Structure formats: structure tokens, C-alpha cells
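So you can see what is in the structure, the chains are spelled out below.
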Amino acid sequence: QVQLVESGGGLVQAGGSLRLSCAASGSITSIYTMGWYRQAPGKQREMVATITRNGSTNYAYSVKGRFTISRQNAENTVYLQMNSLKPEDTAVYYCRGVLNANYAYANYAYWGQGTQVTVSS
């Protein structure tokens, strides 16, 4: 069974920083693209940042220059460094990983349970 577990959320003032972590565990064969998504109350879930296995990154326009995604392949972990946080960054942040488990025929996307980030003005 595969699990993605996020940590690092919390309450921070506008302009502050937080670092989110997501560790994948279980019978993992390979992890491909990993990413962070967020969902604010009353809004749809949106992509924040993604990173491929070889380190290519993609960011939502709203976070470019403020957030940095990185990963440690050996530890099946992905990070999101969030700087210059704004109240509109308030949301539940979810980790997503596309991976192969148990040498299965196909790869699947797995989600973490989410971690709350609240930015006060």
C-alpha cells in the first residue's frame, strides 16, 4: 500500500515563509512526476508546482518567483518552499505523486491527505 504524507503546514503572517514536505512510502517501484496542489474554500483544486524525476519544474503563474519545488529521489520526498506568502495562498495543500507500485503494469496517481496553510494579513 502506498502512502503520501504531508507535513509543514501552519499559520503564518503575510510575507512569511513555510516549507512543506511530502514523503511517499510503501511498495514503490518508481516515482515519476510529483507535485503540489491546493484547494481554497469554495474553489477548485489547482496545480501549484510540479517536478519530474529529472528535476524539470512547472509553476502556477500566481506562485512563480515565490515558491520553489524540489525533491529527493532517494528518499521519495518532495518539498515546497513558500516565501513571501500572501493571504490568497491560504488553502489546503495536497501532495500528488505519479508512481509505479509493486512492479504493476501501469502507473497511477496518489494523493496525500492534505495540510492546511493559513496566511494572515
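1. Let's talk about unusual backbone geometry
Despite not being glycine, Asn102 has its phi angle at roughly 55°, a positive value. Inspection of the secondary structure assignment puts Asn102 in the loop between strand S9 (91–101) and strand S10 (108–111). Notably, Tyr103 is not glycine yet its phi reads approximately 55°, a positive angle. Topologically, Tyr103 is positioned in the loop between S9 and S10. Take Tyr103: its relative accessible area is 72%, and that puts it in the exposed class.

2. Here we look at the state of the cysteines
Per the stated rule, a full pass over the model turns up one disulfide. Shown here is the disulfide that connects Cys22 with Cys95, its sulfur atoms set 2.1 Å apart. Given an S-S torsion of about -80°, the disulfide between Cys22 and Cys95 has left-handed geometry. Here Cys22, found in strand S3 (residues 18–25), pairs with Cys95, found in strand S9; they are 73 residues apart in sequence, far enough to count as distant. Residue class for Cys22 comes out buried when judged on its relative accessible area of 0%. Given the relative accessible area of 0%, Cys95 is considered buried.

3. Some words on the sheet that holds S3
The four strands are arranged S1-S3-S8-S7 in an open sheet whose pairing can be described as antiparallel. Of all the strands in the sheet, just strand S1 (3–7) and strand S7 (67–72) have a single pairing partner and so form its edges. This sheet shows a mean twist of 15° between the axes of neighbouring strands, independent of strand direction.

4. What about the pairing of S9?
With eight of eleven residues buried, S9 is to be regarded as a mostly interior element. Taken together, the nine bridges between strand S4 (residues 28–39) and S9 define a ladder with antiparallel strand orientation. Counterpart to Ser30 in the pairing with S9 is Asn100. Bridge count for S9 against strand S11 (residues 115–120) is three bridges, and the pairing is antiparallel. Residue pairing for S11: Val92 is matched across the bridge by Gln116. In terms of strand pairing, S9 meets S10 through four bridges, oriented antiparallel.

5. Observations concerning the side chain of Arg71
Mapped onto the secondary structure, Arg71 falls in strand S7. In this structure Arg71 is buried but unpaired, with Glu75 as the nearest side chain of opposite charge at 11 Å. A polar atom in the side chain of Arg71 sits 3.4 Å from the backbone oxygen of Ile31. Within the structure, the side chain of Arg71 is placed 2.6 Å from the backbone oxygen of Tyr32, a separation counted as a polar contact. Dropping the residues within four chain positions of it, Arg71 is found in contact with Ile31, Tyr32, Thr33, Met34, Ile51, Thr52, Arg53, Thr77, Val78 and Tyr79.

Reading the values: rules and limits
- Think of each chain on its own: its residues are numbered from 1, step by step along the sequence as written.
- Whole-chain, interface and lining totals are the exception, using all residues; otherwise, since this is a predicted model, local features are given only for residues with pLDDT of at least 70 and side-chain atom pairs are given and counted only at 80 or more.
- As a rule here, side-chain values come from all non-hydrogen atoms in the structure, and water together with hydrogens is ignored.
- Runs of E in the DSSP output that reach at least two residues are strands. Runs of H or I that reach at least four are helices, and both are numbered from the N terminus.
- Burial here depends on accessible area, computed with a 1.4 Å probe over protein chains only, as a share of the maximum for the residue type. Under 20% is buried, over 50% is exposed, and the range in between is partly exposed.
- The definition used for a disulfide is geometric: two cysteine sulfur atoms within 2.5 Å.
- Two strands pair if DSSP finds at least two bridges between them.
- Orientation is described by lines fitted to C-alpha atoms, with helices fitted over the stretch in contact, and by angles between N-to-C directions that extend from 0 to 180 degrees.
- Neither His nor the chain ends contribute to the count of charged residues, in which Lys and Arg are positive and Asp and Glu negative.
- Any Lys or Arg side-chain nitrogen found within 4 Å of a carboxyl oxygen on Asp or Glu counts as a salt bridge.
- Polar contacts, as used here, are pairs of N or O atoms within 3.5 Å; protein pairs need one atom able to donate a hydrogen and one able to accept it. Residues neighboring in sequence count only if both atoms are side-chain atoms.
- When checking whether two residues touch, look at their non-hydrogen atoms; a contact exists if any pair is within 4.5 Å.

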